[in-house]
Structure formats: structure tokens, C-alpha cells
2 protein chains.
Amino acid sequence: MNPTIKDVARLARTSKSTVSRYLNGQPVKKNTEEALKSAIKELDYHPNINARRLVQSRTQVVGIVADDISNNFYSGILRGIEKVTNAHRYHCVYYSGTSNHQSEIDFLDLVQEGQVDGLIFISFSKRSQELLERIRDITIPIVLVGDGEADQQILSVDVDNQYGIHELIHYLHRIGHEKVAFIAGPNDIAATEYRTKGYKNALEELGLEYKREWIVGSDWSKEGGYKAMKELLKFGGFTALVASNDETAIGALLCAHELGFRVPQDFSIVGFDDIEIARWIYPTLTTIRQPLYEMGEKAADGLINIMKNTDEVMKERVLIRPELIVRNSCKNLL
Amino acid sequence: MNPTIKDVARLARTSKSTVSRYLNGQPVKKNTEEALKSAIKELDYHPNINARRLVQSRTQVVGIVADDISNNFYSGILRGIEKVTNAHRYHCVYYSGTSNHQSEIDFLDLVQEGQVDGLIFISFSKRSQELLERIRDITIPIVLVGDGEADQQILSVDVDNQYGIHELIHYLHRIGHEKVAFIAGPNDIAATEYRTKGYKNALEELGLEYKREWIVGSDWSKEGGYKAMKELLKFGGFTALVASNDETAIGALLCAHELGFRVPQDFSIVGFDDIEIARWIYPTLTTIRQPLYEMGEKAADGLINIMKNTDEVMKERVLIRPELIVRNSCKNLL
DNA sequence: CTGAAAGCGCTAACAT
DNA sequence: ATGTTAGCGCTTTCAG
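Residues numbered from 1 in each chain as written. Chains lettered and ligands numbered in written order. Predicted model: local features only at pLDDT ≥ 70, side-chain atom pairs only at ≥ 80, totals over all residues. Heavy atoms only, no water.

1. A look at the sheet that holds strand β7 (residues 215-216) of chain B
Residues and elements named next belong to chain B.
And step 1. Across the sheet, which stays open at both edges, the 4 strands sit in the order β7-β6-β8-β9 with parallel pairing between neighbours. Looking at strand neighbours, the two that pair on one side only are β7 and β9 (268-270), the edges of this open sheet.
And step 2. Taken together, the 3 bridges between strand β8 (residues 240-243) and β9 define a ladder with parallel strand orientation. Within β9, the residue paired with L241 across the bridge is I269.
And step 3. Those strands touched by helix α11 (residues 246-258) are β6 (180-183), β8 and β9, and its axis lies near 155 degrees from that of β9. (Pairing = 2+ DSSP bridges. Helix = DSSP H or I, 4+ residues; strand = E, 2+ residues; numbered from the N terminus. Contact = heavy atoms within 4.5 Å. Axes fitted to C-alpha atoms, helices over the stretch in contact; angles between N-to-C directions.)

2. Describing the packing of aromatic side chains
And step 1. Following the criterion strictly, the structure yields 14 aromatic pairs over all chains and no others.
And step 2. Between F182 of chain A and Y199 of chain A the ring centres are 4.6 Å apart and the planes differ by 15 degrees, which places this aromatic pair in the stacked class. One end of the pair, F182 of chain A, is in strand β6 (residues 180-183); the other, Y199 of chain A, is in helix α9 (residues 190-206), and 17 residues separate them in sequence.
And step 3. A relative accessible area of 0% means that F182 of chain A is categorised as buried.
And step 4. Ring geometry for W214 of chain B versus F238 of chain B: centroids 6.4 Å apart, planes at 80 degrees, classification edge-to-face. Taken together, the residues span a long stretch of sequence, with W214 of chain B in the loop between α9 (190-206) and β7 and F238 of chain B in the loop between α10 (222-235) and β8 at a distance of 24 residues. The same class applies to W214 of chain B as to F238 of chain B, namely buried.
And step 5. Grouping aromatic residues by their ring pairs yields a cluster made of W214, F238, F261 and F267 of chain A.
And step 6. Taking the ring centre of F272 of chain A as reference, the NZ or CZ of R195 of chain A above it sits at 3.7 Å. (Phe/Tyr/Trp six-rings, centres within 6.5 Å; stacked < 30°, edge-to-face > 60°. Buried < 20%, exposed > 50% of the residue type's maximum accessible area, 1.4 Å probe, protein only. Lys NZ or Arg CZ within 6 Å of the ring centre and 35° of its normal.)

3. Focus: the protein's contact with DNA strand C
And step 1. Looking at DNA strand C, there are 27 residues lining it, with I5, K16 and Y45 of chain A together with T14 and R21 of chain B nearest.
And step 2. What you see for DNA strand C is that sugar and phosphate hold 62% of its atoms within 4 Å of the protein.
And step 3. At 3.4 Å, a side-chain N or O of S17 of chain A approaches a base nitrogen of DNA strand C.
And step 4. One nitrogen or oxygen atom from the main chain of N48 of chain A is found 3.0 Å from a phosphate oxygen belonging to DNA strand C.
And step 5. Counting only elements with at least two residues in the surface near DNA strand C, the list comes to α2 (16-23) and α4 (49-56) of chain A together with α2 (16-23) and α4 (49-56) of chain B.
And step 6. Among the elements that take part in the surface near DNA strand C, α4 of chain A stands out by supplying 5 residues, more than any other.
And step 7. Here the surface near DNA strand C is composed, by residue class, of 11 nonpolar, 11 polar and 5 charged. (Near = heavy atom within 4 Å. Polar contact = N/O pair within 3.5 Å; in protein donor to acceptor, adjacent residues only side chain to side chain. Nonpolar A, V, L, I, M, F, W, Y, C, P; charged D, E, K, R; others polar.)

4. Digging into the environment of F124 of chain A
All names here are of chain A.
And step 1. Note on placement: F124 falls in the loop between β3 (118-123) and α7 (129-138).
And step 2. By relative accessible area, which is 16% here, F124 ends up buried.
And step 3. Along the primary structure F124 and R327 are separated by 203 residues, whereas in three dimensions their C-alpha atoms are 26 Å apart.
And step 4. Once you skip the residues sitting within four places of it in the chain, F124 turns out to touch D67, F73, Y74, I77, G146, D158, D188, I189, A190 and M295.

5. Re the UniProt feature "domain: HTH lacI-type" (unreviewed entry) in chain A
And step 1. Within this numbering scheme, the UniProt entry marks residues 3-56 of chain A as carrying the feature "domain: HTH lacI-type" (unreviewed entry).
And step 2. Helix makes up 69% of residues 3-56 of chain A and strand makes up 0%, while its end C-alpha atoms are separated by 21 Å. (UniProt positions renumbered as here; feature names shortened; annotations may be inferred.)

What follows is the structure in C-alpha cells.
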């Protein structure tokens with residue numbers, strides 16, 4: 001059996017309460033402190049965190065649930081979260097949706113079971129109405145990163161997808177492009193809708209030509225981008241291509257190269273995300289940088305507020321504007 | 001306040017013990033079961049896991065500590081672990097070394113504090129003697145993935161780095177290469193030593209020429225590979241290059257291309273790891289595939305054994321042999 | 001199959 | 001500054 005607070009008390013010739021107080025940073029007399037210190041060391045005492053959590057009914061940990069915890073893409077988000085939570089003396093514990101249970105719904109229990117004080121769910125998939133309703137019903141401290149709904153009383157943080165595409169197309173327009181094709185994303189990804197809408201809206205805003213054949217779907221993989229490009233080239237006629245993520249942009253690039261086209265001389269191509277390799281391919285890719293770190297910060301900030309304030313906290317959908325990164329994959333037509 | 005087992009008992013007109021038994025799958029009479037079920041539903045009762053853990057002094061969770069939890073490279077390892085742990089009804093909880101605390105040493109407490117029943121540490125950095133000694137001293141259930149020591153009484157799992165390089169060089173030799181250069185890795189990575197040793201040993205075994213100028217260091221990044229290749233080309237004279245990871249292989253490839261060389265016509269290049277992009281670059285990269293899933297399985301298997309058996313378990317260093325993946329980056333000289 | 005009672009290790013009044 | 005006491009919510013004998 002592990003040593004307990006009681007063993008420490010006995011060895012240090014004092015009481016449990018004093019030990020407890022010492023452990024929690026409250027003042028004790030100099031010589032009892034000495035005794036305590038050496039007793040703890042001698043016994044190799046470690047406080048039982050379950051007992052503490054039972055009586056305090058809080059854990060000082062926030063649970064982070066990601067659909068795939070080792071998704072490199074989330075790295076920036078996690079760092080943003082950690083920075084904020086650590087500043088408030090919370091620890092982070094991670095749960096991977098790909099393991100343990102199945103869907104995010106199953107992790108809702110973590111708070112009610114007393115495992116964590118609050119939750120951050122990270123995923124870019126669309127979230128079910130069922131999950132959203134459950135969250136609204138049980139009123140536990142939670143914030144969503146990725147999909148969410150504006151009118152539900154849930155705090156959610158996401159990149160402003162529509163704005164990002166908007167930036168891309170305005171940039172292309174500024175350098176003289178009038179005919180812009182688009183590779184859309186998968187239907188189960190929340191961003192797909194917003195990015196596609198962003199494309200259509202920007203076209204309309206700028207009075208650019210819209211052709212049904214200039215939009216083609218993809219699964220957001222390199223293969224998908226490759227195939228999409230092949231499809232688009234059957235019709236042709238565009239001078240620029242907006243791929244709705246960098247992976248498909250890379251696939252499209254490869255396809256163009258293989259078919260003997262040169263980028264950006266023959267086509268301009270832009271992506272979305274600014275994944276690490278975007279600056280390593282040839283030509284380096286003009287794209288939109290995801291504000292991952294800020295998203296993490298905002299999410300954690302929001303969660304801390306919800307956990308601390310018993311009174312009303314703004315539960316809204318926060319969209320963070322991403323940044324245009326100009327590299328060498330576009331040709332100036334002017 | 002959350003409802004407790006007591007509330008459920010009262011509502012179902014029975015005792016705490018019966019509720020507890022029901023919750024833990026022990027037999028209860030049909031009609032008490034009904035009453036319990038509806039009481040639990042009505043109260044939205046969730047068992048307090050801290051109370052349970054306090055009394056049972058086990059958690060049924062294994063903690064996984066990774067130096068960078070969102071490192072895509074670990075994904076396969078994590079899936080291997082999850083498969084095994086879930087089969088034994090353990091849950092996985094992840095801790096990221098980049099956050100919360102600093103080094104792996106700080107996470108050793110998790111077991112003694114009762115947060116987890118066992119630990120798996122994942123990292124490819126060299127591990128300090130201090131950590132290894134602490135682990136040996138405190139006898140908690142733990143297994144290491146990555147660096148470890150053969151003679152310490154600690155179970156550790158790693159890829160057989162030396163064997164991997166050996167495979168690569170024997171392959172090159174089989175297709176006629178006699179002059180083989182090498183890009184080494186960073187000093188703080190445990191594998192660097194073994195891969196470099198593998199290079200030297202294989203050369204010796206096959207009676208191939210060894211030149212000090214044909215080994216150059218790198219930080220394992222693409223930039224590092226690029227620079228290393230540039231360095232190597234100052235001396236030249238080799239027909240094949242073994243990059244000790246895929247990233248540097250890609251950097252070296254880029255460098256060769258930029259200087260007007262063609263791969264594999266002018267040089268053969270091989271990597272190590274088989275990262276996702278290895279099959280996407282031009283030419284597709286011949287490399288060694290890390291047995292990540294198996295490593296995860298072995299690690300979890302070992303941990304489960306340690307946790308279950310009070311008696312002696314084999315604490316050894318397990319090296320898993322990786323597989324050669326032949327693609328198009330090597331020229332057959334015969 | 002069920003209930004009463006003890007106790008897991010800790011914190012938090014309360015009293016001194 | 002310290003000791004005494006009660007109790008957090010659960011499991012687990014032990015009786016019945």
C-alpha cells in the first residue's frame with residue numbers, strides 16, 4: 001500500500017490537517033515544515049489525487065477530445081490551448097476519438113463522472129444535431145473547435161472559411177484573373193459548405209464568370225486533387241484554380257505537370273490551409289494560413305470563462321479571419 | 001449537486017449496495033433492475049469515478065505520454081496501443097510532453113497519484129540516465145517506445161534501426177552499388193547512433209569503400225538534407241546515397257534536381273521511415289517502413305502483462321525488424 | 001439476492 | 001498555527 005497523509009502525519013508528529021495544509025501551500029511553522037518535508041521524502045509520499053478530487057469535486061484538468069489526436073494539423077490548436085490553460089493552472093489531458101469510444105457524444109460523460117472540469121472538442125467534420133442538442137441540454141463547460149451552430153447556446157471557434165476563399169479570389173482578381181475554377185471538399189466536412197459559398201459569393205461580388213463545369217468535388221486528398229484537375233481540364237478555359245485545401249492543390253499541380261502544363265505560366269493555382277509542405281513544393285504555393293494557434297487560444301479562453309463564471313457567458317460562434325500567404329504559384333496577368 | 005448512488009437507491013426503494021452491484025453488472029432481481037434503470041434515467045445519474053477509483057485503487061486507464069502528441073508519425077503506434085488496450089478493457093488517456101510539465105520524469109507521478117494504472121512513454125529522443133534510473137527505482141508499470149537500455153530492468157520497444165540500414169545497403173549492393181554515401185541524423189535522437197553504426201557495419205560486411213567524406217550530419221529536416229547533399233556533392237564519387245530518414249532524402253533529392261542531376265539516373269537515393277509523402281514525390285522513394293503498429297502492439301502487450309502479473313515479467317529491449325519498400329529512386333547498375 | 005456498516009485518502013469547517 | 005471531526009461517493013465485507 002502506498003503511504004498516505006496519515007503516515008506522513010505520524011512520522012512528522014503532527015496531524016493530517018497540517019499535512020494537508022502544508023501540501024496545499026498554507027503556512028506552517030518552520031520546524032513542522034522541516035519535519036513534513038523529510039517525512040514526505042522518506043516515505044516517498046504522493047498525494048492520492050482521487051481522494052482529493054472526490055472531496056473537492058473538481059479536477060483542475062480540461063479534457064481535449066480530438067477525432068484524431070495525432071493529426072499534425074491540430075498541433076497549433078493544441079499549443080494555443082495549452083498556453084492559455086497552463087496560465088490558469090489547468091492541466092490538459094487528451095482523448096482520441098479514434099480510440100476509446102466512438103463519437104464525441106460518448107465523451108460528454110467525462111465531466112459528469114468527475115474526470116475533467118471542462119471539455120474542448122476538436123474536429124473538422126460536421127457535427128450531428130444530436131450532439132449539439134445533448135450539449136445544449138446538459139450544460140457542462142464545453143467549447144467546440146470546428147463545426148458548430150450560430151443559434152445554439154454553445155461556444156464554438158472556427159476559421160472564417162468564407163473570408164479565406166474570398167481573400168484568395170480577390171487576390172487572383174487583383175492580378176488580373178477573370179476565369180477561376182474551384183475544387184470543392186468532401187460533404188462530411190463542415191468547411192466545405194462555407195468555402196464553396198465563399199467561392200460563389202466572391203465571383204458574384206466581382207462580377208466574374210460562373211460556370212458549373214468549373215466546380216468539381218474532391219475528397220481533399222492529393223489523389224482527389226489530381227482527379228479533379230483532370231476533370232477540370234476537360235473543359236478548360238480558366239486561368240486560375242482555387243483548390244479548397246492544400247492537399248488537392250498539390251495533386252492538381254502534379255496533374256498539370258504531368259500533362260505538360262507549367263504552373264504558374266499556364267495556370268495559377270492556390271490552396272487553403274498552409275500546411276508545412278506548401279512552401280516546399282515547386283512552385284511554392286500561395287494559400288490561406290489557418291489561424292490554428294489563435295483558434296486554440298480563443299477556445300481555451302472561452303472555456304476558462306465558462307468554468308469560472310457561474311453567471312452568463314457569451315456563448316457564440318467565433319470565426320477567426322485567416323491570412324493570405326502569397327508565394328509563387330500565381331501569375332500576374334496585368 | 002450531481003445525483004449520487006444514494007439518490008438512486010432512495011428513488012428505486014433499495015440500498016446503495018444494490019445500486020452499486022447493479023452498476024457493476026452483478027445480478028439483481030428483475031423488478032429492482034427495472035426500478036434502478038428508470039431511477040438512473042430520471043436523475044440522469046453518472047457514477048463519480050473518483051470515488052470509485054479511491055476505493056478500488058485502480059483506474060483501468062493507461063496513460064500515454066508522447067513528447068509531441070500531435071506528431072503524425074506516432075499515429076500508427078497509438079493505433080497499435082489502442083487495439084491491445086481496448087481488447088483488455090483499458091482506456092487510453094494521452095499526455096503531451098510539450099505541454100503540462102517538461103520532461104517524461106514529471107509524468108512518473110501519474111501512477112503514484114492514482115491517475116493511471118500504467119504508462120507508455122513514446123519519444124525518439126535519447127532518454128536521460130536519470131529517467132532510466134528513476135523508472136528502475138520506483139517499480140511502476142511502464143514501457144518505453146523508442147530509446148531504452150538493454151541492461152536496465154525496463155521493457156522498451158523500438159524499431160531495429162541497424163537492421164533497417166543494413167537492408168537498405170544490402171539492397172543497393174545487390175543492384176550493383178559499391179560507393180554509398182550517408183546522411184546521418186541529429187545527436188539527440190537515439191536512432192542516429194544505431195543507423196550510423198548500421199551504415200558502417202554494412203559497408204564492412206560487404207567490403208565496400210568507406211570514406212569519411214561520405215558521411216555528413218543533418219538535423220533530419222528537408223533543409224538539412226538539402227545542405228547535406230550539397231556538402232556531399234563537393235566530394236562526389238558515390239553512386240548511391242542513404243539518407244537516414246525520408247525528410248532528408250527529400251531535401252537531398254531537391255538539391256540534386258536543382259543542380260541539374262537526375263535521380264535515379266545520376267544518383268540513387270534511399271530514405272528511412274516511409275512517411276506518407278514518400279510515395280508521392282518524384283521519383284517515388286525507396287525506403288524502410290517503420291513497423292509502427294507492431295511497436296504499439298508490443299508495447300501495450302508488455303504493459304498489460306506487467307500490470308496483470310504480480311510475478312516476474314520479461315523486462316527486455318524489444319527490437320522490431322522493419323521492411324524494405326522498393327520504389328523508383330534507385331538505378332540498377334548491373 | 002439484499003441491506004447495514006466500515007472505510008478508501010483527502011479537505012474543510014470548527015474549535016483551540 | 002494546529003488538532004478534531006465529519007464527510008465526499010463509492011465498493012466491499014459480512015449477515016441475513
